[in-house]
Amino acid sequence: MFGLSRAFACSGRAVAALRAPLARRLSAVEGITLSHQQQHSGGNGGFSFALSEEQIQYQEMARKFAREVIAPQASYYDETGEFPWNILKQAFELGLTNGSVPASIGGPGLGTLDGCLIAEELSWGCSGISTASTAAGLAQMPVVVAGNEQQQKKYLGRMLEEPLSAAYCVTEPGAGSDVAGTKTKAEKKGNEWVINGQKMWITNAGVANWYFVLAKTDPEKKPGEAFTGFIVDASTPGLSPGKKEWNMGQRASDTRGVTFEDVVVPAENVLGHPGMGFKIAMTAFDKTRPLVAASAIGVAQRALDEATQYSLQRKTFGKVIAEHQAVAFLLADMAIGIESSRAITYRSAWEVDQVCIVSHASC
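Presented here is an overview of the structure given in this document. (Residues numbered from 1 in each chain as written. Predicted model: local features only at pLDDT ≥ 70, side-chain atom pairs only at ≥ 80, totals over all residues. Heavy atoms only, no water.)

**Comments concerning the packing of helix H4 (residues 85–94) against helix H6 (residues 127–134)**
Move 1: At a minimum axis distance of 10 Å, the contact between H4 and H6 shows a crossing angle of 55 degrees. Here H4 lies oblique to H6, going by the angle between them. Remark: the crossing between H4 and H6 carries right-handed chirality. In contact with Ile87, Leu88 and Ala91 of H4, H6 contributes Ile129, Ala132 and Ser133.
Move 2: Considered class by class, the residues forming the contact of H4 with H6 number five nonpolar, one polar and no charged. (Axes fitted to C-alpha atoms, helices over the stretch in contact; angles between N-to-C directions. Helix = DSSP H or I, 4+ residues; strand = E, 2+ residues; numbered from the N terminus. Parallel < 35°, antiparallel > 145°, perpendicular 65-115°, else oblique. Left-handed = near helix turned anticlockwise from the far one by under 90°. Contact = heavy atoms within 4.5 Å. Nonpolar A, V, L, I, M, F, W, Y, C, P; charged D, E, K, R; others polar.)

What follows is the structure, given as structure tokens:
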């Protein structure tokens with residue numbers, strides 16, 4: 001514990017340095033109101049390793065679900081590449097999906113740390129199935145942070161009524177991490193917008209009910225004002241998902257390209273206002289990226305659990321290999337890496353939740 005304590009010993013100046021960039025980005029997204037409940041992020045009690053009673057309940061429920069439902073079926077979905085609708089329906093019924101949907105419209109209103117607890121446990125069972133279950137949260141987040149009441153009720157509300165999926169369309173063949181390099185464009189014609197372009201490696205693209213789409217609307221302006229975020233229904237003419245990609249360890253997750261050919265979107269489906277898209281997209285990333293790290297931790301924990309179990313069964317020279325110092329050191333190094341990663345990830349999630357409260361941003 002001494003090592004972990006030292007890892008988390010952080011001065012007030014360092015905490016402020018961590019918080020400031022995110023706070024500036026959140027405050028740049030105009031018209032956002034507070035919907036995250038303080039009890040989900042520890043309120044004003046400061047940082048603590050102790051989980052709330054509600055967080056423990058979510059964690060235990062997700063852990064039980066991963067071990068009893070996901071893990072036994074993981075190999076089937078990884079081999080076939082079939083989308084795990086049956087599992088997602090069960091997760092929906094248990095309340096393990098749509099965690100970020102605000103309480104104001106009937107959702108759980110969970111924070112980023114809460115989502116990490118769930119994502120880690122589900123990924124222990126299968127990272128592909130976990131991604132299929134949690135990736136809709138990335139698409140939902142732009143609507144959470146910048147959607148008006150009508151947009152939230154229409155698109156987030158429907159996901160509370162039945163198990164549905166949504167997709168976040170930002171990445172393109174030539175613009176991944178370089179979001180500013182996005183080439184998909186949208187032109188305003190009357191009271192509508194017409195989108196043309198291609199997105200790539202979009203999670204849930206083939207099963208989504210609706211999409212968040214980032215498109216360039218003013219090429220003359222800097223990235224911070226050149227893009228606009230849109231909500232696009234999957235049934236809109238001109239929208240075409242491509243072939244399914246086969247991702248190693250993620251075959252249960254539906255990943256595809258998406259083509260937009262003269263896709264007409266009503267002005268009421270613009271998030272925030274024109275030119276606000278880049279800030280919205282970056283804020284969505286800020287709030288959801290810790291869950292990606294948490295999923296990786298779930299996979300790592302599963303690897304350690306399997307390795308430990310094997311080391312306690314396999315015998316050489318008259319004893320189980322776990323009793324050989326070389327093997328014990330390997331397992332110890334794995335445990336150290338996992339605990340360090342978990343601590344860093346939870347800390348980052350906690351920071352996001354604290355900034356949400358301080359800056360009165362929706363979470």
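**Let's talk about helix H10 (residues 277–311)**
Move 1: Between its first and last C-alpha atoms H10 spans 51 Å; for 35 residues at 1.5 Å apiece the expected length is 51 Å, and the two agree.
Move 2: The largest bend along H10 measures about 40 degrees and falls at Lys287, with the proline Pro290 one to four residues further on. (Expected span 1.5 Å × (residues − 1). Bend = angle between axes of the 7 residues up to and from the residue.)

**Things to note about unusual backbone geometry**
Move 1: For Asn204, which is not glycine, the phi torsion reads 75 degrees and is therefore positive.
Move 2: Mapped onto the secondary structure, Asn204 falls in the loop between strand E3 (192–203) and strand E4 (210–216).

**Quick word on the pairing of strand E7 (residues 255–266)**
Looking down a regular strand, the side chains alternate between one sheet face and the other.
Move 1: Here E3 pairs with E7 via nine bridges, running antiparallel. Within E7, the residue paired with Trp193 across the bridge is Val265.
Move 2: Sheet topology note: the strand E6 (residues 239–241)/E7 ladder contains three bridges and is antiparallel. Bridging across to E7, Leu239 finds its partner in Phe260. (Pairing = 2+ DSSP bridges.)

**Describing the packing of helix H5 (residues 112–125) against H6**
Move 1: Two elements in contact, H5 and H6, have axes whose closest approach is 6 Å; the angle formed by their N-to-C orientations is 140 degrees. Residues Ala119, Leu122 and Ser123 of H5 lie in contact with H6, whose contacting residues are Ser127, Ser130, Ser133 and Thr134.
Move 2: By residue class, the composition of the contact of H5 with H6 is two nonpolar, five polar and no charged.

**Examining the pattern of salt bridges**
Move 1: Applying the stated rule across the entire model yields 13 salt bridges.
Move 2: With a shortest N-O distance of 2.7 Å, Glu120 and Arg342 are connected by a salt bridge. Taken together, the positions of Glu120 in helix H5 and Arg342 in helix H11 (residues 325–358) put the pair 222 residues apart, joining distant regions of the chain. In this structure, Glu120 and Arg342 share a single accessibility class: buried.
Move 3: Residue Glu149 pairs with Lys153 through a salt bridge whose shortest N-O separation is 2.9 Å. Taken together, the residues Glu149 and Lys153, both in helix H8 (residues 149–161) and four residues apart, mark about one turn of the helix. (Salt bridge = Lys/Arg side-chain N within 4 Å of Asp/Glu carboxyl O. Buried < 20%, exposed > 50% of the residue type's maximum accessible area, 1.4 Å probe, protein only.)

**Observations regarding the pairing of strand E1 (residues 166–169)**
Move 1: Side-chain alternation along E1 places Ala166 and Tyr168 on one buried face and Ala167 and Cys169 on a second face that is also buried.
Move 2: Bridge analysis of E1 against E4 gives four bridges, and the strand direction is parallel. In the strand pairing of E4, Ala167 is matched with Tyr211.

**Here's the deal with H4**
Move 1: For H4, the complete set of buried residues consists of Ile87, Leu88 and Ala91. Projected down its long axis, H4 shows its buried positions confined to an angular sector of 100 degrees, all on one face.
Move 2: Buried residues along H4 sit in contact with helix H3 (53–80) and H6.
Move 3: Within two residues after H4, Gly95 carries a phi angle of roughly 85 degrees, on the positive side. (Arc of directions from axis to C-beta.)

**Quick word on the packing of aromatic side chains**
Move 1: One pass over the structure, following the stated rule, counts seven aromatic pairs.
Move 2: Their ring planes at 80 degrees and their centres at 5.0 Å tell us that Tyr76 and Tyr77 sit as a pair that is edge-to-face.
Move 3: The exposure class assigned to Tyr77 is buried, which follows from its relative accessible area of 5%.
Move 4: In this structure an aromatic cluster arises from ring pairing among Tyr168, Phe212 and Phe285.
Move 5: Looking at Lys244, its charged tip hangs above the ring of Trp246, at a distance of 5.8 Å from the centre. (Phe/Tyr/Trp six-rings, centres within 6.5 Å; stacked < 30°, edge-to-face > 60°. Lys NZ or Arg CZ within 6 Å of the ring centre and 35° of its normal.)

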